[in-house]
Amino acid sequence: MIVLICVGSSCHLKGSEQIVELLKKYVEEYHLDNEVTLAGCFCTGQCNRIGVTVQVDDDIHTGITPENFDTFFKEQILNKLKGGEA
């Protein structure tokens, strides 16, 4: 699975650095190092008023914040990797 985190100007100002750190932390905690590739990207053209844009494989998710990150990670990363069992 490839996870791209927008680090363009708008997302940077909305906290993309925090989202990168959370992703790194969760990938390590769940031992997904061999299953998830994290990468930064510049603007995807999906800017949102709140939060950061994150692309998981071909699916783009907007509005990711530290407050909703746990739900995002479990639904969009763990569930997809575990076939809906997380």
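Further up the page is the structure itself.
Parameters at a glance
- Residues numbered from 1 in each chain as written.
- Predicted model: local features only at pLDDT ≥ 70, side-chain atom pairs only at ≥ 80, totals over all residues.
- Heavy atoms only, no water.
- Pairing = 2+ DSSP bridges.
- Helix = DSSP H or I, 4+ residues; strand = E, 2+ residues; numbered from the N terminus.
- Axes fitted to C-alpha atoms, helices over the stretch in contact; angles between N-to-C directions.
- Contact = heavy atoms within 4.5 Å.
- Parallel < 35°, antiparallel > 145°, perpendicular 65-115°, else oblique.
- Left-handed = near helix turned anticlockwise from the far one by under 90°.
- Nonpolar A, V, L, I, M, F, W, Y, C, P; charged D, E, K, R; others polar.
- Buried < 20%, exposed > 50% of the residue type's maximum accessible area, 1.4 Å probe, protein only.
- Salt bridge = Lys/Arg side-chain N within 4 Å of Asp/Glu carboxyl O.

**Quick word on the sheet that holds strand β3 (residues 52–56)**
- Across the sheet, 4 strands lie side by side as β2-β1-β3-β4; this open sheet has mixed pairing. Every interior strand has two partners, whereas the edge strands, β2 (37–41) and β4 (59–64), have only one. On average, adjacent strands in this sheet sit at an angle of 25° to one another, irrespective of strand direction.
- The sheet strands contacting helix α2 (residues 16–29) are β1 (2–6), β2, β3 and β4, and the helix crosses β1 at an angle near 160°.
- Docked against the sheet, helix α3 (residues 69–81) engages β1, β3 and β4, running at close to 165° with respect to β4.

**Focus on the packing of α2 against α3**
- α3 packs onto α2 with a crossing angle of 55° between their chain directions and a minimal axis gap of 11 Å. Between α2 and α3, the interaxial angle falls into the category oblique. For the pair α2 and α3, the crossing hand works out as right-handed. Touching I19, L22, L23, Y26 and V27 of α2 are F69, D70, F73 and I77, all from α3.
- Residue classes in the contact of α2 with α3 are distributed as 8 nonpolar, no polar and 1 charged.

**So, the environment of E29**
- Turning to its location among the elements, E29 is positioned in helix α2.
- Using a relative accessible area of 46% as the deciding quantity, one classes E29 as partly exposed.
- Put simply, E29 and M1 are 28 residues apart on the chain and 17 Å apart in space, counted from C-alpha to C-alpha.

**Examining the pattern of salt bridges**
- Scanning the entire structure with this criterion turns up 4 salt bridges.
- Two residues, K25 and E29, come together in a salt bridge whose shortest N-O distance is 4.0 Å. With K25 and E29 both in helix α2 and 4 residues apart, the pair spans about one turn of that helix.
- The salt bridge involving D70 is made with K74; its shortest N-O contact spans 3.2 Å. One end of the pair, D70, and the other, K74, are both in helix α3, 4 residues apart, so they sit about a helical turn from each other.

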